[in-house]
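# Inside the fold
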Amino acid sequence: MGVPSLRKRLVAGNWKMNGSLESNRRLLNEILARPEEPSSSAQRDAAQQPCDVLVCAPFVYLPQLADALRDSGIALGAQDVSVHAKGAYTGEISGAMLADIGCRWVIVGHSERRQYHQESSAVVAAKVVAALDAGLTPIVCVGEQLADRQAGQAACVVQDQLEPVKALGSDVLARIVLAYEPVWAIGTGLTATPEQAQEMHAQIRAFMGSGELRILYGGSVKADNAAELFAMPDIDGALVGGASLDAQEFLRIVAA
Ligand code: PGA
């Protein structure tokens, strides 16, 4: 084992388009009731490491979460942000609005945005800038489709997605977090093996040329596979979809 990384771990829950006032209240109560005692001394040590924890909720519920999470040590994030700062953009939500109601983080370029809303990598880079301008930290998602991986193109596809973000320069890279989420692993129960994920994370880190950059893994992360993923030297945490809707699963991932 090498020298432990100084990059702070991060676990982000992505609730996607799920929830209601009532179910959110129950889920948040359970999360804030906090962990059962970590079961092993290794887990106990891990739990004491500084680790950013945040929840990314649908826009309309952000004020509810901002209230519930105040002073909890769990931060608040949104799932998307407009490229525009303000004006005649019906239906859009600006970074300043998100900051105004207590968000500090925002997911940009999630594969579901790229796929269902035709977001190009250039748009994603513009959203990174919009988020940073508003004082938010963007979590920038990249990842290949199954066909790309089968064709041996996974690394090329991910580099193409990263190119416009890399072009923003090293000052920007110091202020963002990346999430590698192979599309074939999202919501499918198929997780990249720790070795597959580590290989891609190392390639991304080399391509971006930053040892400090935090790179999360996402795609069917569960309590049962989190520890082996987090043991990899270039995996700095997780972006968690389905399992973040279950308080005990989410807390066990954080503990890992
Ligand atoms: P999943 O989603 O954990 O449900 O696979 C991850 C994500 O889309 O961020």
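Treat the numbers as computed from the prediction; the structure is a model and nothing was measured.

Scored by pLDDT, the protein has a mean of 92; 92% of the residues are at 70 or more. Note that pLDDT drops below 50 for residues 42-47; the model gives that stretch eight contacts with residues more than four away or on any other chain.

Before going further, it helps to spend a moment on the packing of helix α6 (residues 121-133) against helix α8 (residues 154-166). Relative placement of two packed helices is described by the angle separating their axes and the distance separating the axes. One can describe the packing of α6 onto α8 by two numbers: an axis separation of 8 Å at closest approach and a directional angle of 40°. The orientation of α6 relative to α8 falls into the category oblique. Of the two possible hands of crossing, α6 and α8 adopt the one that is right-handed. Counting all contacts with α6, which are made through S121, A122 and A125, the residues of α8 involved are D160, Q161, P164 and V165. Looking at the contact of α6 with α8 residue by residue, the class counts come to four nonpolar, two polar and one charged.

Before going further, it helps to examine the nonpolar core. L65, I176, L178, I204, M208, Y217 and I253 are the most contacted members of the largest nonpolar core, which has 63 residues in total. Not counting chain neighbours up to four residues away, the residues in contact with L178 comprise V140, L162, I204, M208, L213, R214, I215 and L216. Of all hydrophobic cores here, the second largest spans 13 residues; its members include L10, A12, I139 and C141.

This brings us to unusual backbone geometry. Backbone geometry at K16 places phi at a positive 55°, although glycine is not the residue there. Note that K16 resides in the loop between β1 (9-14) and α1 (21-33). Phi at Q118 takes a positive value of approximately 50°, unusual for a residue other than glycine. Under the relative-accessibility criterion, Q118 is labelled exposed at 63%.

What follows covers helix α11 (residues 223-230). Every buried residue of α11 is accounted for by A223, N225, A226, L229 and F230. One side of α11 carries all its buried residues, which in axial view fall inside an arc of 155°. In this structure, the buried side of α11 is in contact with β1, α10 (194-208), β7 (214-218), β8 (237-240) and α12 (247-255).

Right, let's get into the site of the ligand. Residues in close proximity to the ligand total 13 residues, the closest being K16, H110, E181, G187 and S220. Between the ligand and K16 there is a distance of 2.7 Å, counted from an oxygen atom to a side-chain nitrogen or oxygen. Here G187 contributes a backbone N or O atom positioned 2.6 Å from an oxygen atom of the ligand. The protein chains hide 96% of the 280 Å² of surface that the ligand would expose on its own. Along the lines of polarity and charge, the residues of the shell around the ligand split into four nonpolar, seven polar and two charged.

So, about α1. Turn by turn, an α-helix covers 3.6 residues, leaving residues three or four places apart pointing in a common direction. End to end, α1 covers 18 Å across 13 residues, agreeing with the expected 18 Å (1.5 Å per residue, within 8%). Every buried residue of α1 is accounted for by N24, L27, L28 and I31. The arc that holds every buried residue of α1, seen down its axis, measures 100°, which confines them to one face. Opposite the buried face of α1, at more than 90 degrees from it, the exposed residues are R26, N29 and A33. Elements in contact with the buried residues of α1: α3 (62-69), β3 (74-78) and α12.

By the alternation rule, side chains of β8 split into G237 and L239 and A238 and V240, which are all buried. When β1 meets β8, the two strands line up parallel, connected through four bridges. Paired with V11 across the bridge in β8 is A238. Across two bridges, β7 lies against β8 in parallel orientation. Counterpart to Y217 in the pairing with β8 is A238. Note on the crossover from β7 through α11 to β8: the handedness is right-handed.

The residue D171 is located in helix α9 (residues 170-173) in this model. Sequence separation of D171 and A197 is 26 residues, and the distance between their C-alpha atoms is 26 Å.

Next up on the list: the sheet that holds strand β5 (residues 137-142). In a beta sheet, neighbouring strands pair by backbone hydrogen bonds and run either parallel or antiparallel. Read around the closed barrel, eight strands run β1-β2-β3-β4-β5-β6-β7-β8, paired in parallel fashion. The average undirected angle you get between the axes of adjacent strands in this sheet is 30°. One ladder, built from four bridges, connects strand β4 (residues 105-108) with β5; its direction is parallel. Within β5, the residue paired with V106 across the bridge is P138.

About the cut-offs
- Within every chain, residues take consecutive numbers counted from 1 along the sequence as written.
- The predicted origin of the model limits local features to residues at a pLDDT of at least 70 and limits the giving and counting of side-chain atom pairs to 80 or more, whereas totals for whole chains, interfaces and linings rest on all residues.
- Note that water and hydrogens are dropped before the side-chain values are worked out from all heavy atoms of the structure.
- Scored from 0 to 100, pLDDT records how confident the predictor is in each individual residue.
- Here a residue-residue contact requires only that any non-hydrogen atoms of the pair lie within 4.5 Å.
- In this analysis an axis means a line fitted to C-alpha atoms, helices contributing only their contacting stretch, and an angle means the value between N-to-C directions, from 0 to 180 degrees.
- Helix and strand assignments come from DSSP, with helices taken as H or I runs of at least 4 residues and strands as E runs of at least 2, each series counted from the N terminus.
- Any angle that falls under 35 degrees is termed roughly parallel, while one over 145 is termed roughly antiparallel, one within 65 to 115 roughly perpendicular, and all others oblique.
- What makes a crossing left-handed is the near helix being turned counterclockwise from the far one by less than a right angle; a clockwise turn instead makes it right-handed.
- Any residue outside Ala, Val, Leu, Ile, Met, Phe, Trp, Tyr, Cys, Pro, Asp, Glu, Lys and Arg is labelled polar, Gly included; the first ten of those are nonpolar and the last four are charged.
- Side-chain atoms within 4.5 Å are what join buried Ala, Val, Leu, Ile, Met, Phe, Trp, Tyr and Cys residues into a set we call a nonpolar core.
- Burial status follows relative accessibility: with a 1.4 Å probe on protein chains alone, a residue under 20% of its type maximum counts as buried, one over 50% as exposed, and anything between as partly exposed.
- In this description, one arc is meant: the one made by directions from the helix axis to the C-beta atoms.
- A molecule or strand has a residue near it when one of that residue's heavy atoms lies within 4 Å.
- Here a polar contact is taken to be a pair of N or O atoms separated by no more than 3.5 Å, where protein atoms must pair a possible hydrogen donor with a possible acceptor and residues adjacent in sequence count only if both atoms sit in side chains.
- Residue burial considers only the protein chains on display, and all accessible areas are found by Shrake-Rupley using a 1.4 Å probe.
- To estimate the expected span of a helix, subtract one from its residue number and multiply by 1.5 Å.
- By definition, two strands form a pair when at least two bridges between them are found by DSSP.
- By convention, orient the strands away from the viewer: a clockwise path from the first strand over the helix to the second makes the crossover right-handed.

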